Amino acid sequence: AFLILMQYLIPVNSKLFIVTGLVVFYTVYMNAVFSHNKRRIKKKPPKLDMDYQPSVTVLIPAHNEEFVIEKTVENVLSIEYENFDIIVIDDRSADNTANVIKALENQYPDKVKYIIRDTNSFPGKSAVLNEAIAQTDADVVCIFDADTKVKPDFLKALLPFLAPDDVGAVQARKIIINKDSNFLTRCQNNEYTLDNHFQLGRDSIKGAVELRGNGQLIKKEALIEIGGWNNYTITDDLDLSTKLHLNGWDVRYCPASEVYEEGVLNFLPLLKQRRRWVEGSIRRYLDYFFEILTSDSISFRTGFDMIAYVLEFVLPVLMFINWVIETFKFIKGYENHFLSTTAIASGIALFFVIGLVYSLRKYDK
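Definitions and limits used
- Residues numbered from 1 in each chain as written.
- Predicted model: local features only at pLDDT ≥ 70, side-chain atom pairs only at ≥ 80, totals over all residues.
- Heavy atoms only, no water.
- Buried < 20%, exposed > 50% of the residue type's maximum accessible area, 1.4 Å probe, protein only.
- Helix = DSSP H or I, 4+ residues; strand = E, 2+ residues; numbered from the N terminus.
- Patch = residues over 30% accessible without salt bridge, like charges linked within 9 Å, V, L, I, M, F, W, Y side chains within 5 Å.
- Areas by Shrake-Rupley, 256 points an atom, 1.4 Å probe, with all protein chains shown as cover.
- Salt bridge = Lys/Arg side-chain N within 4 Å of Asp/Glu carboxyl O.
- 1 Å grid on protein atoms, 1.4 Å probe; cavity = no way out; pocket = protein on both sides within 12 Å on 5 of 7 lines; lining within 4 Å.
- Points joined across faces, edges and corners; volume = space filled by probe spheres on them.
- Nonpolar A, V, L, I, M, F, W, Y, C, P; charged D, E, K, R; others polar.
- Axes fitted to C-alpha atoms, helices over the stretch in contact; angles between N-to-C directions.
- Parallel < 35°, antiparallel > 145°, perpendicular 65-115°, else oblique.
- Left-handed = near helix turned anticlockwise from the far one by under 90°.
- Contact = heavy atoms within 4.5 Å.

K.L.:
Can you explain helix α9 (residues 236–246)? Please cite residues and give values.
P.N.:
The element α9 is extensively covered by neighbouring structure, given that 11 of its 11 residues are classed as buried. Buried residues of α9: D236, D237, L238, D239, L240, S241, T242, K243, L244, H245 and L246, and no others. Immediately beyond the C-terminal end of α9, within one or two residues, lies G248, with a positive phi of roughly 85°.

K.L.:
For a nonpolar patch on the surface, give the residues involved together with the corresponding values.
P.N.:
A contiguous nonpolar surface patch, about 440 Å² in accessible area, is contributed by V317, F320, I321, W323 and V324. Following the sequence through the fold, F320 ends up in helix α12 (residues 300–332).

K.L.:
Give me the layout of surface pockets: which residues, what numbers.
P.N.:
Its volume calculated, the second largest pocket comes out at about 790 Å³. Every residue lining the second largest pocket is counted, 27 residues in all, and those nearest its centre are I41, P46, F161, D203 and R252. The set of elements that each furnish at least two residues to the lining of the second largest pocket consists of α2 (12–43), α6 (154–162), α7 (183–204), β8 (250–261) and α13 (338–363). Among the residues making up the lining of the second largest pocket, the classes are represented as 16 nonpolar, 2 polar and 9 charged.

K.L.:
Break down the packing of α12 against α13 for me, with residues and values.
P.N.:
Direction vectors running N to C along α12 and α13 enclose 155°, while the axes themselves pass 9 Å from each other. As judged from the angle between their axes, α12 and α13 are roughly antiparallel. Between α12 and α13 the crossing geometry is left-handed. The residues of α13 that touch α12, namely those facing E312, L315, M319, N322, W323, E326, T327 and F330, are F338, T341, T342, A345, I348 and F352.

K.L.:
Any chance you could break down empty space enclosed by the protein for me, citing the residues and the numbers?
P.N.:
Using a probe with the size of a water molecule, rolled over the atoms, empty space left in the structure can be pinpointed. Enumeration over the complete set of coordinates arrives at 2 cavities of 30 Å³ or more. M30, N31, F34, H197, L200, G201 and Y363 together form the lining of the largest cavity. Within the residue set of the lining of the largest cavity, elements represented by two or more residues are α2 and α7. Approximately 30 Å³ is the volume found for the second largest cavity. A208, E210, S241, T242, H245, R284, Y285 and M306 together form the lining of the second largest cavity. The set of elements that each furnish at least two residues to the lining of the second largest cavity consists of α9 and α10 (267–287). Among the elements that line the lining of the second largest cavity, the one with the most residues is α9, at 3 residues. The class makeup of the residues in the lining of the second largest cavity is 3 nonpolar, 3 polar and 2 charged.

This is how it looks when you write it as structure tokens:
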């Protein structure tokens, strides 16, 4: 309805030119800055604060994870870092998860604690994390999923990126550990590879790098300042990322630290998960839209990055609906821009397909 109304006010192709121009400029700018930074870092590596060794609490929410949670905790315990502990939270599980994590605390009393949430507790991962954060005095919290695997140097590699005063959180690179299981897991591996490409680009321009729920480190002082996680969001990581940026905190991305997780094997569970991610992302931008435009704390580059990043997902929808409108007018014999709209859409599609294939080949190695 909006597009049909707008075509009477603004020529149809003008909207496409404006949005396309912004997205293409953003894409070229991001890649140019990334390439420049890569050359600069190669010539003069940045000095990281390797002496930054805060206390860390690892939070692992678990819901019906009796078969994987023990291996995950044992893997996390192998991290080579002195000052850290683990809190495992049983989130209203209906299986034997609670007994497994109780046994883990008995086995590792100096390192592992557990929380058993009441069945009537407020649902959602955000509520789980808010409950757990109140029970730690650590300087930094690390969030892992219940099926996570990491290397022993995970914290030592990631913490130096969190050291600067203006950095509130840092995200590790996520990798699908079972990518060769079937076609769906290979698709998810491609998705995560492209996410790595975007996150690297956004980090290079000091844009709105996003947390990904698994393998993220957050300063507790930043969490306290922004009021913790939003209990009413369905994507805790995306909502938290936006709140951090709106309050002037920088979020960094560190591809050298890797966190491994299981890809979803079946189509319907994957569809349900991705649908939740999409809805949560849209809700997040709707919730904070005016704050993104008006906040004094958010930098111009971060705000521009947020808007341009959203436009990359709006553009295909805008192109398709415009093409449908012009096709209808062409068939009916009305004045139309069918040929030019088709040419523009084809050109943009080719531009991004080439970019995606290039990114996959570059980063999957």
